[in-house]
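Residue-level listing of the chains:
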Amino acid sequence: MTQGPVDATRTEAWARLASLADGFTPDLRRALADDEWVERSTVAAADLHVDLSKNLVTPEIWKALHALVDEVGLDARREAMFRGDHINVTEDRAVLHTALRLPSEAELEVDGQDVVADVHDVLHRVYDFAEQVRSGEWTGVTGERIATVVNIGIGGSDLGPVMAYEALAPYVQDGLECRFISNIDPTDAAQTLAGLDPATTLFIVSSKTFGTLETLTNARLCKAWLLEGLAGHDDGEAVAQHFVAVSTALDKVADFGIDPDNAFGFWDWVGGRYSMDSAIGTSLVVAIGPDRFAELLEGMNAMDEHFRTAPTEHNVPVLMGLLNVWYTNFLDAQTHAVLPYAQQLHRFPAYLQQLTMESNGKGVRWDGTPVTSDTGEVFWGEPGTNGQHAFYQLIHQGTRLVPADFIAVARPAYPLVDGEADVHELFLANFFAQTKALAFGKTADEVRSEGTAEHLVSARVFTGNRPTTSIMAPELTPSVLGQLVALYEHITFVQGVVWGIDSFDQWGVELGKQLAQQVTPAVAGDAEALADQDASTRSLIDYYRRHRTR
Ligand SMILES: O=P(O)(O)OC[C@H]1O[C@H](O)[C@H](O)[C@@H](O)[C@@H]1O
């Protein structure tokens with residue numbers, strides 16, 4: 001009988017942390033006056049330079065957090081993941097997204113599968129396909145080369161690819177563009193297809209299950225759009241030249257009418273929200289090329305090696321995961337902000353929302369028993385400096401504790417100048433200033449010393465002691481993006497292990513889908529189905545039906 005998860009709340013470390021949190025009064029001004037504290041709190045992982053010194057912790061708190069790692073058995077759980085044990089207990093699956101970025105000379109056999117060989121087989125097929133499209137060898141049915149790749153997918157089959165495409169925009173081949181359709185709101189397909197030429201458009205239908213309503217509906221809409229636009233050409237040939245698929249359910253792909261030779265597989269041991277570096281990344285490979293995609297995989301693998309081998313006190317994913325547990329379970333933080341000071345990373349917070357919240361938004365532990373503490377916090381964020389003019393008021397002066405990760409790179413993709421001013425430097429000055437302001441704040445006396453009228457002093461005081469982590473990298477290369485993604489994958493893993501939950505299932509998304517199926521006939525006017533609805537749903541559908549037809 002497999003032993004259940006350790007109940008972290010019953011560990012000595014947890015009790016120690018609770019006593020340290022009791023009456024804890026952070027003092028970042030004092031901590032940051034100690035250069036040695038800053039030096040000891042600055043850690044490196046692959047190319048990432050991570051400053052943890054502006055967090056609300058002390059050496060004693062760190063010591064207790066490190067001890068928690070041992071008591072919950074993180075090392076064993078981590079090894080179990082890398083080894084391919086079925087740690088996704090409720091779906092009885094291995095969790096092997098790290099295998100997607102193993103070098104070809106690595107060895108890993110799981111459940112009788114030569115995982116590395118299979119991963120590289122698919123990679124080479126995707127690379128060949130991408131090179132054909134990039135070189136113009138792959139043409140549409142009219143013989144014209146492809147100019148636009150449209151990825152049709154949702155959740156993990158969309159958020160990763162669009163985030164990475166936006167993040168690596170400087171690496172996209174001239175003359176090639178990617179667009180993304182995810183929402184079943186017909187507006188998404190309509191707006192995305194607007195202005196496109198069917199003859200030069202290639203669709204990638206991305207769906208792990210190939211059973212998702214939004215993706216199959218959008219794929220059918222796009223197929224109809226394509227065939228109408230290419231009327232006069234053989235439908236079969238048109239689909240063969242303009243549609244490929246990515247899925248673990250290759251049988252269903254054929255049913256949709258896509259040639260299995262034009263389909264790229266992956267495996268059930270890759271979670272959707274962990275799949276951007278599988279064939280789900282095909283649109284990205286076409287856009288930036290196989291060499292750049294290989295750099296992304298290398299960056300992810302470098303972070304995996306760091307996570308797997310670095311001792312706790314220097315292990316960035318472990319330290320950042322532990323900080324999130326400290327804030328969530330001991331200092332009552334409900335949310336976590338990720339604030340990329342890189343416009344190219346504007347979709348990164350949204351990507352992290354699925355990664356972290358679909359992983360750790362759980363109420364039961366992996367053995368089915370109820371959780372014994374709060375679990376996943378709400379992740380959110382927007383790029384800097386935009387957020388400064390939107391919600392930073394709350395982060396600086398609100399009553400909520402909002403731990404925040406600030407991310408920036410030294411070398412900009414677009415080194416624009418404004419007269420003498422290096423605009424990137426103006427930009428980064430805000431990055432440095434915001435974490436400083438959140439840490440140091442401004443006292444009443446400092447406000448007064450600026451000549452502020454006494455009755456306005458309190459409104460202009462900044463308490464400070466608002467925690468931030470700063471992550472810097474030399475440049476936003478494919479490798480660095482890979483490192484950032486793998487970093488947050490492993491942070492998520494660490495928190496899940498502490499809470500004893502299965503971070504790799506997502507049963508919580510099913511009820512809404514089931515009810516959508518059930519409600520659909522009522523929305524379409526089926527009186528019997530409408531009568532079956534509760535009073536609120538019935539009256540809302542009534543309102544809809546009265547207003548849908550003008
Ligand atoms: O890739 P698919 O099978 O189409 O699934 C797309 C998404 O839908 C599901 O409902 C889950 O919430 C996600 O984890 C998944 O990424």
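Note that this is a predicted model, so its numbers are computed, not measured.

What counts, and where the lines are drawn
- Residues numbered from 1 in each chain as written.
- Predicted model: local features only at pLDDT ≥ 70, side-chain atom pairs only at ≥ 80, totals over all residues.
- Heavy atoms only, no water.
- Near = heavy atom within 4 Å.
- Polar contact = N/O pair within 3.5 Å; in protein donor to acceptor, adjacent residues only side chain to side chain.
- Areas by Shrake-Rupley, 256 points an atom, 1.4 Å probe, with all protein chains shown as cover.
- Nonpolar A, V, L, I, M, F, W, Y, C, P; charged D, E, K, R; others polar.
- Buried < 20%, exposed > 50% of the residue type's maximum accessible area, 1.4 Å probe, protein only.
- Helix = DSSP H or I, 4+ residues; strand = E, 2+ residues; numbered from the N terminus.
- Pairing = 2+ DSSP bridges.
- Patch = residues over 30% accessible without salt bridge, like charges linked within 9 Å, V, L, I, M, F, W, Y side chains within 5 Å.
- Salt bridge = Lys/Arg side-chain N within 4 Å of Asp/Glu carboxyl O.
- Lys, Arg positive; Asp, Glu negative; His and termini not counted.
- Charge placed at Lys NZ, Arg CZ, Asp CG, Glu CD.
- UniProt positions renumbered as here; feature names shortened; annotations may be inferred.
- Contact = heavy atoms within 4.5 Å.
- Domains from an automatic or database assignment.
- Phe/Tyr/Trp six-rings, centres within 6.5 Å; stacked < 30°, edge-to-face > 60°.
- Lys NZ or Arg CZ within 6 Å of the ring centre and 35° of its normal.
- Expected span 1.5 Å × (residues − 1).

## What about the site of the ligand?
- The immediate surroundings of the ligand are formed by Ile 154, Gly 155, Gly 156, Ser 157, Ser 207, Lys 208, Thr 209, Thr 212, Gln 354, Glu 358, Val 509 and Lys 513.
- Between an oxygen atom of the ligand and a side-chain N or O atom of Thr 209, the distance comes to 2.7 Å.
- Residue Glu 358 places a side-chain N or O atom 2.6 Å away from an oxygen atom belonging to the ligand.
- Bound to the protein, the ligand loses 90% of the 390 Å² it would expose on its own.
- Split into classes, the residues belonging to the shell around the ligand amount to 2 nonpolar, 7 polar and 3 charged.

## As for the pairing of strand β7 (residues 201-206)
- Judged by how many residues are buried, β7 sits mostly within the fold: 6 of 6 residues are covered.
- Judged by which residues are buried, β7 turns out to be covered on both faces: Thr 201, Phe 203 and Val 205 on one side and Leu 202, Ile 204 and Ser 206 on the other are all buried.
- Here strand β5 (residues 148-152) pairs with β7 via 5 bridges, running parallel. The partner of Asn 151 across the bridge, within β7, is Ile 204.
- In the sheet, β7 pairs with strand β8 (residues 243-247) via 4 bridges, with the strands oriented parallel.

## As for a negative patch on the surface
- Together, Glu 107, Glu 109, Asp 114 and Asp 121 give the surface a local cluster of negative charge.
- According to the relative accessible area criterion, Glu 109 is exposed, its value standing at 60%.

## Comments concerning the UniProt feature "active site" (unreviewed entry) in the protein
- Sites flagged by UniProt as "active site" (unreviewed entry) map to Glu 358, His 389 and Lys 513. In three dimensions, the annotated residues from a span of 156 residues occupy distinct locations, with a maximal C-alpha spread of 36.7 Å.
- Along the chain, Glu 358 turns up in helix α15 (residues 348-360).
- For Glu 358, a relative accessible area of 23% gives the class partly exposed.
- Excluding anything up to four places from it in sequence, Glu 358 contacts Arg 273, Gln 353, Asp 505, Gln 506 and Val 509.
- Tracing the backbone shows His 389 in the loop between β11 (378-380) and α16 (392-397).

## Comments concerning the domain arrangement of the protein
- If you check the domain split of the protein, you get domain 1 (30-92 + 294-501), domain 2 (118-288) and domain 3 (508-547).
- Distance between the C-alpha centres of domain 1 and domain 3: 41 Å.

## Looking at the pairing of β5
- Across the 5 residues of β5, 5 count as buried, placing the element largely inside the fold.
- Here β5 shows a buried face lined by Thr 148, Val 150 and Ile 152 and a second buried face lined by Val 149 and Asn 151.
- Direction of pairing for β5 relative to strand β6 (residues 177-181): parallel, over a ladder of 5 bridges. In the strand pairing of β6, Val 150 is matched with Arg 179.

## With respect to the packing of aromatic side chains
- Enumeration according to the criterion identifies 26 aromatic pairs in this entry.
- Taking 5.9 Å as the distance between ring centres and 65 degrees as the angle between the ring planes, the aromatic pair formed by Phe 24 and Trp 326 counts as edge-to-face. On the criterion of sequence distance, the pair formed by Phe 24 in the loop between α1 (12-21) and α2 (28-32) and Trp 326 in helix α14 (residues 316-329) is long-range, its members being 302 residues apart.
- Here the aromatic rings of Tyr 127 and Phe 293 are separated by 6.4 Å at their centres, their planes lie at 80 degrees, and the arrangement is edge-to-face. A residue pair is termed long-range when its members are at least 10 positions apart, and Tyr 127 in helix α6 (residues 115-135) and Phe 293 in helix α13 (residues 290-309) qualify at 166 residues. Each member of the pair, Tyr 127 as well as Phe 293, carries the same accessibility label: buried.
- These aromatic residues form a ring-pair network of at least three members: Tyr 341, Trp 380, Phe 391, Tyr 392, Phe 406, Phe 427, Phe 431 and Phe 432.
- Here the basic side chain of Lys 223 rests over the ring of Phe 256, its NZ or CZ set 4.8 Å away from the ring centre.
- The positively charged end of Lys 436 is found above the aromatic ring belonging to Phe 440, 5.0 Å away from the centroid.

## A look at helix α23 (residues 535-548)
- The end-to-end C-alpha separation of α23 is 20 Å, in line with the 20 Å expected for 14 residues at 1.5 Å each.
- You can read the cap of α23 off the contacts: a side-chain oxygen lies 2.9 Å from the backbone nitrogen of Ser 536, and it is on Asp 534.

## Observations regarding the pattern of salt bridges
- Following the criterion strictly, the structure yields 23 salt bridges and no others.
- Between Lys 54 and Asp 51 there is a salt bridge whose closest N-O contact spans 3.9 Å.
- Judged by relative accessible area, which is 15%, Asp 51 ranks as buried.
- Here Glu 454 and Arg 448 are joined by a salt bridge, their closest N and O atoms 2.8 Å apart.
- With relative accessibility at 35%, the residue Arg 448 sits in the partly exposed group.

## Quick notes on unusual backbone geometry
- In this model, Gly 384 is joined to Thr 385 through a cis peptide bond whose omega is 10 degrees.
- Notably, Asp 111 is not glycine yet its phi reads approximately 50 degrees, a positive angle.
- Within the fold, Asp 111 resides in the loop between β3 (109-110) and β4 (113-114).
- One non-glycine residue, Phe 210, lies in the positive phi region at around 50 degrees.
- Mapped onto the elements of the fold, Phe 210 is located in the loop between β7 and α9 (213-229).
- Look at Phe 210 and you get buried, because its relative accessible area is 3%.

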